[in-house]
Amino acid sequence: MIATSKPLVRIAEAIQGLQGERYAALYVRVSTGKQKDNWSVKDQRTLARLGEERGLPVVVYEEQGISGETIEDRPVMSRLLIDVKKGRVAVIICVATSRLSRDEDIIDTLQLQAACRENDTIVITPEQVYDNSTRTGTVFGQIKAIFDADQKQEIVKSVTRGQYAKFRAGGWVGSVVPFGYHAVADVPHQDGRPRSRLEIDPEEAAIVRLIFDLYANGRTNERGEWLPMSQRQVALYLNDQGYRMRVRPTHANRKGSRYQPGQERPIAPDDVQRITTSRIYIGIFERGKSHLSKWVRDEGMAEAHHPELQLVNVALWQRAQEVRKARASDARRIACTTHALSGLLRCPRCGGRMFIRVPKGREPAYKCGTYMQLGASHCLGAEVRERLARAAVESLLIDYLEKLHLRRYLDQEAADQAMQTEGEIAQTILVELQQAEDGIQRLVKAVASGVFTPEEARHEKLGLLVKKERLEARLKKLQKRANARDELLETVAYVEGNIPGLLRELDGARFRQLARLALDNVVVITERAEGRNWAGRIVSHQLTDTCRELLATFEAQVSASPTTTSSTNWLASSGATAERRTITAR
């Protein structure tokens, strides 16, 4: 017998050594990686005796861990079919015809039968000989293929539904372990073999949390400037810091990947995207979201909540999703820019977008994108220095922020506290909670003393429990509102009266966030000011919908206040109108 452990290359060497002689092909296959080199494989290899009994040399065609669904996905089986068509194979030996094919539509079976019929090749199993040269043998083989395919479908159906049932019950079904966790096989089972469960991997979990924090919140560099970070920037930063990911044993790794399972590799931008969009890291595991098996479509996608496996808090996860959604509306090259006005400025000549350029040895400036891409035939071009444009936009934002009358927040809150404080409301709720608790205790004593039966007291107790839960929820909400109000008052007290200084202290990325929240389509030109200085002047601008709603709300509050002296409607003239605002930059 000529044995081959590695297919294709060694198969070719074995066939070449036979010098044109017809031989018996022993086809060995198992479907999953867990079956590699097990007793089933060893048993299939012993079937070489069936070829030797016929006086034929035997060549082993072996592939492990591959499904028999199609021939195209099985390189060794494809090679066997080619050798049959060349007339070299006299006998195909297999433990069962299901090893050759389990195609649901028996197309592969018909293809193999045609090749065997045309080249006088028979198929042998330990129980049966299939001779496709006769009509009876062909029909019998097709019937057997139909039963094999049906058997596979039943196996797949039962296994799939069992996996989904186990997943819904909170078990781990053994797919690729997500980054941040490792599998521990210590769950007892009735068959004596342990089952796997997931545990948090401390080292990988720290990397996951760092990825979420960098993507959602950015980082501060050595100069104290805040830098928003894209997927690529997060990956590059972590790789520079020496962080790596351990390769999982996936199907892709077995097909010629650069890295083998267990090795460490650099973090890629796709890894950052996959991690920051997965709900696994807030303890929600999903199965069937991207592809739902036809066997469980009546039940739908499976979802399981594992709070003990949560790696990041929900607020941080939600922040990452909001950042991703906000960046989706920007061009990729400016989504994480640190330049203060990227994406905001419009060309005063053609109305097209202006893009930042940083010439060597000169200060950054915004230039017309239409001119840079299409030339002077489409736009004569415009340029404005970033320093001058930011100074003009700062002045505009200061005007709008001062019109919000932030001091009214403090006055209104002081008036509200004079009427009734959160402490008084909370005290009232606590009294009602104690009354509900006392009522529950009285019911318990009444049942114990025989005054009420458990059935008679059940309805009353249920009402008291519902009231208790409602009061506890209201108390929690009140505390949350009080904390938020205190933070707001502190912020307003700090900002009020110091708006110009705060705006000028903002780094480019944070100033851009504030400016984009309020403004859009800003047109700035530069002109001579006093002496030899240049100044930036805003020709036109538009307010965002969010800013217009906020300003309208405050205008209504100020107009309704008896202390308000302003009667001008400054909101009506805020959109896309000319502004005579000139800021001199010295």
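Here goes a summary of the coordinates provided.

**Comments concerning the pattern of salt bridges**
Okay, so step 1: Inspection of every chain in the model, using the stated rule, returns 11 salt bridges.
Okay, so step 2: Where Asp 83 meets Arg 79, a salt bridge forms, and the shortest distance between an N and an O atom there is 3.0 Å. On the criterion of helical spacing, the pair formed by Asp 83 and Arg 79 is a turn pair, its members being four residues apart in helix α4 (residues 75-85).
Okay, so step 3: Among the residues examined, Asp 83 registers a relative accessible area of 2% and is labelled buried.
Okay, so step 4: Among the ionic contacts, a cluster of salt bridges with common partners joins Arg 265, Asp 271 and Arg 274.

**A word on the pairing of strand β13 (residues 302-305)**
Okay, so step 1: By the alternation rule, side chains of β13 split into Ala 302 and Ala 304, which are all buried, and Glu 303 and His 305, of which none is buried.
Okay, so step 2: In this structure, strand β12 (residues 284-287) lies alongside β13, joined through four bridges in antiparallel fashion. Paired with Arg 287 across the two strands is Ala 302, which belongs to β13.

**So, unusual backbone geometry**
Okay, so step 1: Positive phi, close to 55°, is recorded for Asp 120, a residue that is not glycine.
Okay, so step 2: Along the chain, Asp 120 falls in the loop between α6 (107-118) and β4 (122-124).

**Describing the packing of aromatic side chains**
Okay, so step 1: By the definition in use, this model includes four aromatic pairs.
Okay, so step 2: Look at Tyr 130 and Phe 140: their rings are 5.7 Å apart centre to centre, the planes differ by 20°, and that puts the pair in the stacked class. On the criterion of sequence distance, the pair formed by Tyr 130 in strand β5 (residues 129-131) and Phe 140 in helix α7 (residues 135-168) is long-range, its members being 10 residues apart.
Okay, so step 3: Tyr 130 sits in the buried class, given a relative accessible area of 8%.
Okay, so step 4: Both rings, one in Phe 212 and one in Tyr 281, keep their centres 6.2 Å apart while their planes meet at 65°; by these two values the pair is edge-to-face. Placement of Phe 212 in helix α8 (residues 202-217) and of Tyr 281 in the loop between α10 (269-277) and β12 is noted, with a sequence separation of 69 residues between them.
Okay, so step 5: Members of the aromatic cluster, each reached through a chain of ring pairs, are Tyr 181, Phe 212, Tyr 281 and Phe 285.

Conventions adopted
Starting from 1, residues in each chain are numbered consecutively following that chain's sequence as written. Note on the predicted model: pLDDT of at least 70 is required for a residue's local features to be given, and 80 or more for side-chain atom pairs to be given and counted; whole-chain, interface and lining totals, by contrast, use all residues. The side-chain figures draw on all heavy atoms in the structure; neither hydrogens nor water molecules are used. Any carboxyl oxygen of Asp or Glu within 4 Å of a side-chain nitrogen of Lys or Arg constitutes a salt bridge here. Working definition: helices are DSSP H or I runs of at least four residues, strands are E runs of at least two. Numbering for both runs from the N terminus. Think of it in three bands: with a 1.4 Å probe and only protein chains considered, a residue is buried below 20% of the maximum accessible area for its type, exposed above 50%, and partly exposed in between. In this scheme, strands are said to pair when DSSP sees at least two bridges between them. A pair of aromatic rings is counted whenever rings of Phe, Tyr or Trp (Trp by its six-membered ring) have centres within 6.5 Å, and the orientation is called stacked for planes under 30 degrees apart, edge-to-face for over 60 and tilted otherwise.

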